[in-house]
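Next come the chains, spelled out residue by residue.
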Amino acid sequence: MDLIHNLKEVFEIDAKIKNDFQIEVEAKKELVSSILLYLKNQHGFIHLDHMSCVDWIEDEVFELVYIVWNPNTKKTVLLHTKIDRNKPEMENIDTIWDQANTYEREFREMYGIEFPGLVAEREFILEGWTEMPPMRRDFDTKKYAEETYATRPGRENAEDVREKIIKRTGEEIPDFAKKYSRD
Amino acid sequence: MTREKETTLYLGPQHPGITGNMMIKLKVSGDTVVSAETHLGYLHRAFEKLIERRNWLQSFTILCRFCVPEPDPIELSYALAVEKLEGRAVPERADYIRTIVAELARIQSFLLWYGGQSGSGGLYTLGQWSVGDRNYILDLFEDLTGARIYHMFMWPGGVRRDLPEGWVDKAYRTMDYLEKRLDDYNKLLFDNAIFQKRAQGVGIIPKDKALEWGVVGPPLRGTGIKHDVRIDEPYAAYDKIDFEVPTYEGGDVWARALVRRDEIKQSINIIRQALDNMPGGSYYNRIPNPMKWTVPAGNAWAKTESVRGEIGFYLVSDGSNKPRRAHLRGAAYAHGISVLEKILPGENIADVSFILNSLGVCPPEMER
Amino acid sequence: MSNKINTIGIPSEEEIKKAQIDFSPRCTAAGRVNDKETQKMVEYILNFARKHSLFVLAYGTGCGAIEIPATMTSRYDAERFGIRGAATPRQADVLLITGYLSTKTLKRVIRVYEQMQDPKYVIAFGSCTINGGMYFDSYNTIKALDRYLPVDVYIAGCMPRPESVIKGFIKLQELIQNGNAGNGECYRDNLDWYRTNQQKIIKNWDFPDEYNW
């Protein structure tokens, strides 16, 4: 295919066909913005569909995914790149697509990835957050929730408390509900 | 020469004109908006974090709560992504049932939109009619799935239940009734001089910038660009069904309203065709024990068309019984933040909630 | 059944009772009966008038807000009970907490509640306001609303149907008629207890020290 051939020629990267509509590319972090600009200007991938981030804590990397779409050929390119998890820093692409700004703000807050040159308030979704960025794999949300928020006594776990309620209030379990009992 | 004073105005989070729990910080000069800035986080529940702690099937309780007005396209996107990862086949009957449910979800969301769009323009009668009639669709959902709002119906490998007895007739009757009612709605909204005056030329998205800005769905088709996931990358049974995608030129609130008006008719048409051609056979390709069910490692990107635009799921599996990462691309993600901040300057304050409704801004799917 | 529960380390009835006294909201219905014999006539009439004119603040704090349009419009028509919307907190009687509250929203909700005029009522909507519901392990949502605000009526379910919403409102009307609803005064008396709980989870606390709005 034309696009795969061109990517090989210009950037020396291998693209593979994922399915009828999707092409998958993996590239080094330094090449990402030039590949995206190339796709946008030369190949008509003018629509930034999505950006995503995956935490591979075992390999100590963050994987960033850029999904761009071409309205004429109806093809999608998924561009993967990996960045160091201990010093996460990535090039800012909101000069190419404005809406990338929103994604980058979110990743900065949720994963702690820095985007040099990103102009936006640091607080986006959370407010007064002092812990580690919450979407990282090593942040234990259940432990944090148990320590921070009061839970209702007697309802700390998923135990079936209907028997107890019956004892306390004298209510009856209706017949249709009995078959859903967990015992 | 006098320079008008700039005032900061906080639209939300508690405001009757806002489309959910979010806040727009407006700088206004007189009645005109100078700049707008969207503030989020009021509905952040850390869904994507919670999905990482649930197994593949348990995540469905969370999925439908991503966007409340229309949970079904989100379930469908996720189910499609899981099927892509696993290579699981879907029976043909399930495809047709999925199409019907997705279209019913579109119609009920359109009816809710009628109420929001007219209510923010000060026309309250239409909201009483259309939101009241929306209950007939919710009744169909209740018969089929057991719940009015959150269905958890479209699972990987098919759907959870077959069509119950008598449901098809009821669905036909409801479609006939709605088709009759649509004329009433349209007379009330599109023949109304107030709505015409307020909608035309307001909230314009330029055609040449729309795709670059990340505009999708009816707002994109309102600028004259024909893009619909159902046609471009057909899923479920859409490739076997004959339907049109309406487009209008202009890019303003009026064009977006016309697109939605025509799309309801198309949805009714699609449901009728799917009911007519419903094949027999199995509705579910059974998955293994959900607690032990593992999905092969890899990543998948699947998208579906919702009322507000395309909804995509980027799903990563590491081969275990839990998703490694499930990232939703909400339709409103670009609409509600970057597009809104670009088109609001220069508009009247009173039109802000009007534009919000026409873009279909839905905060829970922006912050998740 | 009871033996089995005790062996897996569930607290006994007494322990729960003790924990509940420490935990439970300071403001609960006192169980008064407000009829013509025991209460002043003027209060009876006031309560009768209040219960038939409930102005609900239009603040969709969570996903439960989707059933509110259905409740208010033609099929369920909540207005026949005197329930209708109000745009601003100062004109509203009822604060409807429609679902989970993230910490960021909780701060706004407290502010909204304190701005409302007495008598004011709170209806908590959905399982997630009762015990966290399906968000039990989320780092950003509170698990039990009555720690932070006095609640009059809970409506269980996820999400509650319009019928149960109306049932909840009727329950509130009963409480109002008996003189048991409305905890604005109690909230002010126990402000320290509520403030301690609120400040524990709201990190950037910037409320005025005095409660004077």
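All values reported here derive from a predicted model rather than from experimental measurement.

Asker: Even after reading the chapter, I still don't get the overall build of chain C, so can you show me in this structure?
Answerer: Across its full length, chain C holds 9 helices and 5 strands. Reading chain C from its N end, one meets helices and strands in the order α-α-α-β-α-β-β-α-β-α-β-α-α-α. Considering only contacts in chain C between residues 6 or more positions apart, those separated by 24 or more positions represent 81%.

Asker: Just to check I follow, could you spell out the confidence of the model for chain C for this structure?
Answerer: All names here are of chain C. Averaged over all residues, the pLDDT of chain C is 78; the fraction at 70 or higher stands at 81%. Contacts from residues 1–10, a stretch scored under 50 in pLDDT, to residues over four places away or in other chains number 3 contacts. Here the predicted complex scores 0.88 on pTM and 0.87 on ipTM.

Asker: Any chance you could explain the interface of chain A and chain C here in plain terms?
Answerer: By convention, interface size is frequently given as the accessible area that disappears when the constituent parts associate. Contacts between the two partners involve 18 residues from chain A, matched on the other side by 20 residues from chain C. Counting residues per element, the side of chain A that touches chain C draws most heavily on helix α4 (residues 141–148) of chain A, which supplies 5 residues. The residue makeup of the side of chain A that touches chain C, split by class, is 6 nonpolar, 6 polar and 6 charged.

Asker: What's the story with the interface of chain B and chain C in this structure? I'm lost.
Answerer: Chain B puts 30 residues into the contact, and the matching count from chain C is 28 residues. Every element with two or more residues in the side of chain B that touches chain C is listed here: α1 (47–53), α2 (59–63), α4 (92–120) and α5 (125–145) of chain B. Counting residues per element, the side of chain B that touches chain C draws most heavily on α5 of chain B, which supplies 6 residues. The class makeup of the residues in the side of chain B that touches chain C is 15 nonpolar, 11 polar and 4 charged.

Asker: Looking at this structure, how should I read the pairing of strand β4 (residues 121–125) of chain C?
Answerer: A regular strand places its side chains on the two faces of the sheet in alternate fashion. Residue and element names in this part refer to chain C. Of all 5 residues in β4, 5 are buried; the element is thus mostly enclosed. Alternating positions in β4 separate into two faces, Tyr121, Ile123 and Phe125 on one and Val122 and Ala124 on the other, with burial throughout. For the crossover from strand β3 (residues 94–98) across helix α5 (residues 103–115) to β4, the handedness is right-handed. Sheet analysis places β4 next to strand β5 (residues 153–155), joined by 3 bridges and oriented parallel.

Asker: What should I look at first to understand the nonpolar core in this one?
Answerer: For soluble globular proteins, the rule of thumb is that nonpolar side chains tend to be buried together. Counting residues in hydrophobic clusters, the biggest one holds 206 residues, and the most contacted among them are Leu79 of chain A, Leu315 of chain B together with Ile123 of chain C. Ranked by residue count, the leading element in this core is α4 of chain B, at 14 residues. Look past the residues within four positions of isoleucine 123 of chain C in its chain and what remains in contact with it is Val94, Leu96, Asp152, Val153, Ile155, Gly168 and Leu172 of chain C.

Asker: Before we go on, may I ask you to explain the sheet that holds strand β3 (residues 47–56) of chain A in this structure?
Answerer: Paired through their backbone hydrogen bonds, the strands of a sheet run either parallel or antiparallel. Residues and elements named next belong to chain A. Spatially, β1-β2-β5-β4-β3 is the arrangement adopted by the 5 strands of the open sheet, whose pairing is mixed. On the outer flanks of this sheet lie β1 (15–17) and β3, each paired with one strand and no other. The sheet shows a mean angle of 20° between the axes of neighbouring strands, direction not considered. For β1 and strand β2 (residues 22–26), the ladder comprises 3 bridges, and the chain directions are antiparallel. By the bridge assignment, isoleucine 17 is partnered in β2 with isoleucine 23. Packing against the sheet, helix α2 (residues 32–42) makes contact with β4 (61–69) and β5 (76–84), and its axis sits at approximately 170° to β5.

Asker: What's the story with the environment of glutamate 89 of chain A in this structure? I'm lost.
Answerer: Residues and elements named next belong to chain A. If you trace the backbone, glutamate 89 turns up in the loop between β5 and α3 (100–111). A tally of 11 C-beta atoms within 10 Å means that glutamate 89 is categorised as exposed. Linking glutamate 89 and phenylalanine 115, residues 26 residues apart in sequence, is a C-alpha distance of 5.9 Å. Here glutamate 89 is in contact with Ile83, Glu114 and Pro116, once residues within four sequence places are set aside.

Asker: Could you clarify how one ought to interpret the sheet that holds strand β8 (residues 323–329) of chain B in this entry?
Answerer: All names here are of chain B. The antiparallel open sheet is built from 3 strands, whose spatial order is β6-β7-β8. A single partner strand is all that each edge strand has here, and the edge strands are β6 (298–306) and β8. The sheet shows a mean angle of 15° between the axes of neighbouring strands, direction not considered. Strand direction decides the pairing type here: strand β7 (residues 309–317) and β8, joined by 6 bridges, are antiparallel. Considered in β8, the bridge of serine 317 is made with proline 323. Contacting β6, β7 and β8, helix α3 (residues 72–86) crosses the sheet at an angle of about 150° to β6.

Asker: Just checking my understanding: could you explain the packing of helix α3 (residues 41–51) of chain C against helix α7 (residues 162–178) of chain C for this structure?
Answerer: Axes are the key here: two packed helices are described by the angle between their axes and the distance separating the axes. All names here are of chain C. Their axes nearest at 8 Å, the elements α3 and α7 cross at an angle of 165°. As summarised for this structure, α3 and α7 are arranged roughly antiparallel, according to the angle between their axes. Seen along the crossing, α3 lies across α7 with a hand that is right-handed. Contacts between α3 and α7 involve Asn47, Phe48, Arg50 and Lys51 from the first element and Gln173, Ile176 and Gln177 from the second. Taken together, the residues that form the contact of α3 with α7 break down as 2 nonpolar, 3 polar and 2 charged.

Asker: I'm lost on the pairing of β3 of chain A in this one. Help?
Answerer: Counting buried positions along β3 of chain A gives 9 out of 10 residues, so the element sits mostly inside the fold. Hairpin connection, β3 of chain A to β4 of chain A: the antiparallel pair is bridged by 4 residues, and glutamate 60 of chain A has positive phi, about 55°.

Asker: Can you help me understand helix α5 (residues 162–169) of chain A in this one?
Answerer: For an α-helix, the turn length of 3.6 residues means that residues three or four places apart are oriented alike. Among the 8 residues in α5 of chain A, 0 count as buried, and that is only a small part of the element. Count one or two residues on from α5 of chain A and you reach glycine 170 of chain A, which has phi positive near 75°.

Asker: Help me understand the packing of helix α6 (residues 167–190) of chain B against helix α11 (residues 253–276) of chain B in this model?
Answerer: All names here are of chain B. As a packed pair, α6 and α11 sit with axes 11 Å apart at the nearest point and diverge in direction by 170°. It follows that α6 is roughly antiparallel to α11 by the angle criterion. For the pair α6 and α11, the crossing hand works out as left-handed. When α6 is examined against α11, the residues Val168, Ala171, Tyr172, Met175, Leu178, Glu179, Leu182, Asn186 and Phe190 are found in contact with a partner set consisting of Arg261, Ile264, Lys265, Ile268, Ile271, Arg272 and Leu275. Here the contact of α6 with α11 is built from residues that sort into 11 nonpolar, 1 polar and 4 charged.

Criteria and cut-off values
- Residues numbered from 1 in each chain as written.
- Chains lettered and ligands numbered in written order.
- Predicted model: local features only at pLDDT ≥ 70, side-chain atom pairs only at ≥ 80, totals over all residues.
- Helix = DSSP H or I, 4+ residues; strand = E, 2+ residues; numbered from the N terminus.
- Contact = placed C-beta atoms within 7 Å.
- pLDDT = per-residue confidence, 0-100.
- Nonpolar A, V, L, I, M, F, W, Y, C, P; charged D, E, K, R; others polar.
- Buried ≥ 20, exposed ≤ 12 C-beta atoms within 10 Å, placed from the backbone.
- Right-handed = clockwise from strand over helix to strand, strands pointing away.
- Pairing = 2+ DSSP bridges.
- Core = buried A, V, L, I, M, F, W, Y, C linked by C-beta atoms within 7 Å.
- Axes fitted to C-alpha atoms, helices over the stretch in contact; angles between N-to-C directions.
- Parallel < 35°, antiparallel > 145°, perpendicular 65-115°, else oblique.
- Left-handed = near helix turned anticlockwise from the far one by under 90°.

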